[in-house]
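Here is how the chains run, residue by residue.
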Amino acid sequence: MLQKTKGIVLNHTDYGESSIVVHVFTELLGRQSYLVNSVRSSKKKNLLALLQPLTVLDMEVYHKNKNDLQRIKEIKVNTPFKTIPFHPVRRAIAFFITELLAKSLRDEATSANMFEFLMQSVLALDEGIPGEANFHLFFMLQLTRFLGFYPQMEENMPYFDLMNGTYSHLKPGHNHFVTGQSLTCWYQLAHASIQDLLSLNWNSSIRQQLIADMETYYQLHLPGFGHLNSHHILHQLF
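Parameters at a glance
- Residues numbered from 1 in each chain as written.
- Predicted model: local features only at pLDDT ≥ 70, side-chain atom pairs only at ≥ 80, totals over all residues.
- Heavy atoms only, no water.
- Helix = DSSP H or I, 4+ residues; strand = E, 2+ residues; numbered from the N terminus.
- Buried < 20%, exposed > 50% of the residue type's maximum accessible area, 1.4 Å probe, protein only.
- Polar contact = N/O pair within 3.5 Å; in protein donor to acceptor, adjacent residues only side chain to side chain.
- Contact = heavy atoms within 4.5 Å.
- 1 Å grid on protein atoms, 1.4 Å probe; cavity = no way out; pocket = protein on both sides within 12 Å on 5 of 7 lines; lining within 4 Å.
- Points joined across faces, edges and corners; volume = space filled by probe spheres on them.
- Nonpolar A, V, L, I, M, F, W, Y, C, P; charged D, E, K, R; others polar.
- Pairing = 2+ DSSP bridges.
- Axes fitted to C-alpha atoms, helices over the stretch in contact; angles between N-to-C directions.

With respect to the side chain of Thr55
In step 1: Tracing the sequence through the fold places Thr55 in the loop between α1 (47-50) and β4 (56-62).
In step 2: Judged by its relative accessible area of 5%, Thr55 falls in the buried class.
In step 3: From its side chain, Thr55 meets the backbone oxygen of Gln52 in a polar contact 2.7 Å long.
In step 4: Once you skip the residues sitting within four places of it in the chain, Thr55 turns out to touch Gly7, Ile8, Val9, Leu50, Val77 and Phe81.

Next up, the structure:
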């Protein structure tokens, strides 16, 4: 069945000698994998340029519910990037976001609200954000709203239990919790809008601790999430 939908490219992997599988989070069909044959042929030499991570696409696709690999009839770029491919910092942030999405989005997840959040986040990053050194942290926390485990911030609680996703006056009986300065930064991040990121005057060690805590939070709530690797590049930049 033919479907028209927007999509955000996550990544692509080689498939045989001349084909690739493109992983896309679509507005209407959730996460899908598309087989593209002979991608390096002269006829399709420009196609790879359209399939760079986080590119927002307009797609017409063949979709069968029982197929693991779908096929694309036609694609075009919805909004061409202005800066991400050419700006080292934004390119690194985009690489981190791509890895995060690839590890956290499930095939069955379809959400117009999530897609809109992702698309607007990508476009905002491309336009440029004051305080973009904190954007990946903001994005990582906001994404949990759509994944179903956003922390409900409660003031004057000295501990946040990462395992249970709750705040407590008592120290949890395990090691997966946030307290002290790290918890203060969680509060600040949770109450910030994208326009407030410049005011979060954090140093590199605070950012590293925040991302370590949030990675643990994802691991505890998303089975099979694994470990993030691309944040090491961001640590060198911020």
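Some words on the layout of surface pockets
In step 1: The space that makes up the largest pocket amounts to roughly 240 Å³.
In step 2: Around the largest pocket, the lining comprises 14 residues; the ones closest to its centre are Gln52, Pro53, Phe81, Ile84 and Pro85.
In step 3: Residue composition of the lining of the largest pocket, by class: ten nonpolar, three polar and one charged.

A short note on the sheet that holds strand β6 (residues 159-161)
In step 1: Taken in spatial order, the three strands make up an open sheet running β7-β6-β8, and their pairing is antiparallel. The open sheet has two free edges, formed respectively by β7 (166-168) and β8 (177-179), since each of these has just one partner strand. This sheet shows a mean twist of 25 degrees between the axes of neighbouring strands, independent of strand direction.
In step 2: Sheet topology places β6 next to β7; three bridges connect them, and they run antiparallel. Directly across from Phe160, in β7, lies its bridge partner Tyr167.
In step 3: Sheet strands in contact with helix α5 (residues 180-190) are β6, β7 and β8, and its direction is about 90 degrees off that of β8.

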